[in-house]
Structures are given as C-alpha cells and as structure tokens.
Amino acid sequence: MDQIRIIGGAPLNGLVEVSGAKNAALPILAASLLGGGECIIDHVPQVRDLITMGKLLALLGVEVQTEGSRVVMEASKVQSIEAPYDLVKTMRASILALGPLLTRLGEAKVSLPGGCAIGTRPVNLHLKGLAMMGAEVEVEHGYIHAKARRLKGARIDLDFPTVTGTENLIMAACLAEGTTSLHHVAREPEIADLCAFLTKRGAKILGAGTDTIIIEGVSELHGAKHEVMPDRVEAGTFVMAGAITGGDITVKGCISDHLGTVFTKIQEMGVELTEHSEGVRVRRSGPLKAVEVKTLPYPGFPTDLQAQMMALMSVADGTSILTETIFEGRFLHVPELHRMGASIEIDGPHAVVKGIPVLTGAPVMASDLRASAGLVLAGLAAEGETTISRVYHLDRGYERLEEKLKAVGAQVERVREVV
Ligand code: UD1
C-alpha cells in the first residue's frame, strides 16, 4: 500500500491546475444509462471513484471507453438491472445508478450502501422520492429493489437537500410520464452541471442550480458531448495549501463563485485572494487568524473542506470553532492531527481548535477521502517529516495530488509502504 511522505515547511509558489469535478463526473457518467446515443464526456478526473463508476456501467451493459480525461459511452444495450455489493461497498455513489436504471428499464436492484467511516449515510430520501413517483420499493437481502412500469411525475419536497438524492430524482424524472417538481433540493453546482448535460441530451429541466427544479418527462434521450466543471473541493484544497504554507500560488480553474463562503473565511483568516486571468492567487503576509466555521449545504461551507480547514485552524492565532452539521462522526482526522501536536477538543458536532505556532511531522493514517487531504495540508505546514498511510482514500478523489503539489514546490513523494 502506498504512503505519502511530506517534509513540511516549504512555502508553495507557482501555478497549480484543478481537474474536473469528481462529484459532477459521477452523476454525469451515471446519466449515460438513461438512453442510447454516444455520450462524450471531457475533463473527467482520473481518480478511483470514476474508475469504479466506469466498471459499474460496463457491468450494466454500457460500452465505456476512456482516453485520458475523455470518457465515451454508449448505452443502447443496457440490460442488467443490478449494481452488486462488491462495487457499491467500495463507492457509495453507485447509488446514482438507481434512478436511471429504474426509469429506463422499469426495474433496478442496487446494493444498499452500508455505513462508512464518516457515519451512517442513509438513502431513505432517494427511496421516498422514487416511491412518490409510483415505484414499488423494497429493501431485501441487502439490496434496494425498485420497480415501476413507467414512473409518473409528482411533487416531491425533500426533508433535507441531499446531493445524490436530488441527482437520482432528477435523472429518474427525465423519462417519467408528466411533470415532476422537486422542492427543497440541493443547490450544489455539480447538480447544475448534471442538468446541463441532461439538457444537452434532450431532457426538459427548469431551475437547475436552485432549490426548486421542474422536469417535464420525455420519452427518450439522445447522445451529447459535455465538459465536466472544475472540481471546487480540489480548488479549495489548493487555496488552503497556499494559505497554510504562506507562499504565493495561483489556482487555475478555480471558480470563486463556487467557493464564496470558503473564500470569506480564508480572507477572514488573513489570506489575500485575488482573481486574475490565470486563476485565483493566494498570498499571506501575516499569521493565520482563528475563525468560526459551520458546514452547511451549498452555498454554505462544504463539509468536504472541513478537514482541510481544521488543518489551517490548528496553526492559526487564537481559538477557532468548527461545527460539522452534515455528517456526524466526520472528525476522524482529529486524533491524527493530535499526533502532529494540534490542540483540538471535540464536543458533539463542535471542534474547538486552539492554534499552536507549528505542527510537528508524524506518521498518521488517512481515514476517509477528505480527512486525507486535511492531513496532507497539515503535513505541508509541519516541521519535519509526515507520512500518511492508507492513501487509497486520497486516490478516490484527488488526481495526482502529490505531483501537482510537488510542481509548486512541496517536498512530497509517494512511497511504497514497508510491511
Ligand atoms: C454528496 C457528495 C459528498 C458530500 C456530500 C455533502 C457526491 C458523490 N458526494 O454525498 O462528497 O460530502 O454530498 O455535501 O456528490 N441523508 C439522509 N437521507 C438520505 C440522504 C441523505 O438523511 O436519503 C442525510 C445524510 O445522512 C447526511 C446529509 O443528508 O447527513 C447529506 O447527505 P447527502 O447530501 O445525501 O450526501 P451524498 O449525496 O451521499
């Protein structure tokens, strides 16, 4: 198993480019299931979750070809209705096959994703919405089994703006009979990107990117070409890498509109962010200052940048408070940051972070995708050597992270774990 070794303390300088968004590419690839016709998707990040999605689609009968960051799919021969446990257990986003399979083939069997390191992650809202569209949904032998000859448009009010739940219902509604109106849905930019792709395929969608989306069902979708939006979580991670090391980097492909709340907090910490033709420039002259941050659905502060923010808070001047409201138990990086000298106390959903002048490098272990990124940032700022094991978590969602960081001056390398 690979490890990442970092010698901390080097300020980052230069230009770093953001890849395509994992969380937009996943539903867009899943949306290939909705009909035949060639779908050409560009700017797909080469990360493990997307390889898994490609495998799942191929298993279901989609012809999938990958050439660098381009994925070409043809789904006219989709016949299988089953997303098996072996794939779903490695990637919860496999649940995104549920809506498309059900609406296209009239039946879907998708393994129920189990718990994961960041707490229980139910899919009840996906199922409730599909049932409101007329599906018979049963959970049996660990599988979600849904059937409907043709889904029917309905009014659905979500109890919570679930991201993949919203995406599943949008995709299901594209081929349903009549009009579906979805209320209190998630507003993440990745959903608007999915809707843009679906619209190119012939879907009729109004309100993409807002909390009310109206979809008029059509009988079939055709092929289309689309370029995936840049990854805002990766962009935010690079901005924070610049901020924590105190260098001067420009993050190319960073869309500041997607990171409004994050930028406000980073600026409040004393970091200068300026937009120019090549991207967002990140500089800091004084020490980082403590802030209060609460994770919320978009446009609030993203939970996917919480661990990275905690790394910054660990070395900020003063006491910061970080409240996690999206996922219970998403503080697994805290004991690892303790190993690096951080002073963090957890009180329910709150983390109280007393900034210290400098973290010290240590062997640490990644527990989930974003926690790993938090540890990388901590390692970049720490004195001495940090080794991060279980980096397969990082590889699920970050494309060539260590290479990109190395190119802007970080002392970082991937090494084989000695067992
Ligand atoms: C997506 C993102 C993930 C991000 C998360 C929150 C993808 C592939 N993944 O995950 O990176 O961290 O959004 O921004 O886009 N919930 C329910 N019932 C449901 C569904 C969700 O109670 O049926 C709850 C969850 O337990 C959680 C909250 O809603 O507390 C948010 O989850 P959700 O938005 O569904 O996250 P994902 O779509 O799984």
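Residues numbered from 1 in each chain as written. Predicted model: local features only at pLDDT ≥ 70, side-chain atom pairs only at ≥ 80, totals over all residues. Heavy atoms only, no water.

**Observations regarding the overall build of the protein chain**
Then, number 1: Tallying secondary structure elements over the protein chain gives 14 helices and 24 strands in all.
Then, number 2: Here the C-alpha radius of gyration of the protein chain, 21 Å, is about what a compact globule of 419 residues would show, namely 22 Å.
Then, number 3: Relative to its full complement of 419 residues, the protein chain shows a buried share of 57%.
Then, number 4: In the protein chain, once contacts between residues fewer than 6 apart in sequence are set aside, the share between residues at least 24 apart is 74%.
Then, number 5: The protein chain carries 41 positive and 50 negative side-chain charges, and their two centres are separated by 2 Å. (Helix = DSSP H or I, 4+ residues; strand = E, 2+ residues; numbered from the N terminus. Rg over C-alpha atoms; globule rule 2.2 N^0.38 Å. Buried < 20%, exposed > 50% of the residue type's maximum accessible area, 1.4 Å probe, protein only. Contact = heavy atoms within 4.5 Å. Lys, Arg positive; Asp, Glu negative; His and termini not counted. Charge placed at Lys NZ, Arg CZ, Asp CG, Glu CD.)

**Digging into the pattern of salt bridges**
Then, number 1: In total, this model carries 20 salt bridges according to the counting rule given.
Then, number 2: Close ionic contact of Asp157 with Arg155 constitutes a salt bridge, the shortest N to O distance being 2.9 Å.
Then, number 3: Given a relative accessible area of 38%, Asp157 falls into the partly exposed group.
Then, number 4: Here Arg281 and Asp248 are joined by a salt bridge, their closest N and O atoms 2.7 Å apart. Here Arg281 is found in strand β17 (residues 279-283), whereas its partner Asp248 is found in strand β15 (residues 248-252), with 33 residues between them in sequence.
Then, number 5: Look at Asp248 and you get partly exposed, because its relative accessible area is 23%. (Salt bridge = Lys/Arg side-chain N within 4 Å of Asp/Glu carboxyl O.)

**A look at the site of the ligand**
Then, number 1: Asn124, Thr162, Thr164, Asp304 and Ile326 are the nearest of the 18 residues found near the ligand.
Then, number 2: The side chain of Asn23 places a nitrogen or oxygen atom 3.0 Å from an oxygen atom of the ligand.
Then, number 3: Contacts to the ligand include Ile326, whose backbone N or O atom sits 2.5 Å from an oxygen atom.
Then, number 4: Considering the ligand on its own, with 750 Å² of exposed area, one finds that the protein chains cover 85% of that surface.
Then, number 5: In terms of residues, the shell around the ligand owes the most to one element, helix α5 (residues 124-132), which gives 3 residues. (Near = heavy atom within 4 Å. Polar contact = N/O pair within 3.5 Å; in protein donor to acceptor, adjacent residues only side chain to side chain. Areas by Shrake-Rupley, 256 points an atom, 1.4 Å probe, with all protein chains shown as cover.)

**Some points on helix α2 (residues 48-60)**
Then, number 1: With 13 residues, α2 should cover 18 Å at 1.5 Å per step; its first-to-last C-alpha distance of 19 Å lies within 8% of that length.
Then, number 2: Every buried residue belonging to α2 is among Asp49, Leu50, Thr52, Met53, Gly54, Leu56, Leu57 and Leu60, and all of these are buried.
Then, number 3: Each element contacted by the buried residues of α2 is listed here: α1 (22-30), β4 (63-67), β5 (70-74), β6 (82-83), α3 (85-88) and α4 (98-105). (Expected span 1.5 Å × (residues − 1).)

**Focus: the environment of Phe331**
Then, number 1: Among the structural elements, Phe331 can be located in the loop between β19 (319-323) and α11 (333-339).
Then, number 2: What makes Phe331 buried here is its relative accessible area of 12%.
Then, number 3: Put simply, Phe331 and Leu130 are 201 residues apart on the chain and 32 Å apart in space, counted from C-alpha to C-alpha.
Then, number 4: Discounting chain neighbours no more than four positions away, the residues touching Phe331 are Gln306, Met310, Leu322, Glu324, Ile346, Gly348, Pro349, His350 and Ala351.

**Comments concerning the packing of aromatic side chains**
Then, number 1: Summed over the entire model, instances satisfying the criterion amount to 0 aromatic pairs.
Then, number 2: The aromatic ring of Tyr143 is capped on one face by Lys109, whose charged end is 5.4 Å from the ring centroid. (Phe/Tyr/Trp six-rings, centres within 6.5 Å; stacked < 30°, edge-to-face > 60°. Lys NZ or Arg CZ within 6 Å of the ring centre and 35° of its normal.)

**Structural notes on the sheet that holds strand β21 (residues 350-354)**
Then, number 1: Sheet architecture is open: 4 strands sit in the order β18-β19-β21-β20, paired in mixed fashion. Looking along the sheet, the strands with just one partner apiece sit at the ends: β18 (292-294) and β20 (343-347). Each strand of the sheet is rotated relative to its neighbour by a mean of 15 degrees, with strand direction disregarded.
Then, number 2: Sheet topology places β20 next to β21; 5 bridges connect them, and they run antiparallel. Residue pairing in the sheet places Ile344 in a bridge with Val353 of β21. (Pairing = 2+ DSSP bridges. Axes fitted to C-alpha atoms, helices over the stretch in contact; angles between N-to-C directions.)

**Description of the packing of α5 against helix α6 (residues 163-174)**
Then, number 1: The geometry of α5 relative to α6 is characterised by a closest axis approach of 8 Å and an angle of 25 degrees between their N-to-C directions. Considered as vectors, α5 and α6 are oriented roughly parallel to each other. Crossing of α5 against α6: the hand is right-handed. Between α5 and α6, the contacting residues are Leu125, His126, Gly129 and Leu130 on the first element and Thr164, Gly165, Asn168, Leu169 and Ala172 on the second. (Parallel < 35°, antiparallel > 145°, perpendicular 65-115°, else oblique. Left-handed = near helix turned anticlockwise from the far one by under 90°.)

**Overview of α4**
Then, number 1: With 6 of 8 residues buried, α4 is to be regarded as a mostly interior element.
Then, number 2: Looking only at α4, the buried set comprises Leu98, Gly99, Pro100, Leu101, Leu102 and Thr103.
Then, number 3: In the core, the buried residues of α4 are packed alongside α1, α2, β7 (107-111), α5, β9 (143-147) and α6.
Then, number 4: Just beyond α4, the residue with positive phi is Gly106, at close to 85 degrees.

**What to know about the side chain of Glu402**
Then, number 1: With respect to the helices and strands, the residue Glu402 is situated in helix α14 (residues 401-407).
Then, number 2: Setting aside chain neighbours within four positions, we find Glu402 in contact with Ile4, Val412 and Arg414.

**With respect to the packing of helix α8 (residues 232-245) against helix α12 (residues 369-381)**
Then, number 1: Relative orientation of the contacting elements α8 and α12 amounts to 20 degrees, with a least axis distance of 9 Å. It follows that α8 is roughly parallel to α12 by the angle criterion. Like other packed secondary-structure pairs, α8 and α12 cross with a definite hand, here right-handed. For the pair α8 and α12, the contacting residues are Val233, Thr237, Met240, Ala241, Ile244 and Thr245 in the first and Arg370, Ala373, Leu377, Leu380 and Ala381 in the second.
Then, number 2: Of the residues in the contact of α8 with α12, the class split is 8 nonpolar, 2 polar and 1 charged. (Nonpolar A, V, L, I, M, F, W, Y, C, P; charged D, E, K, R; others polar.)

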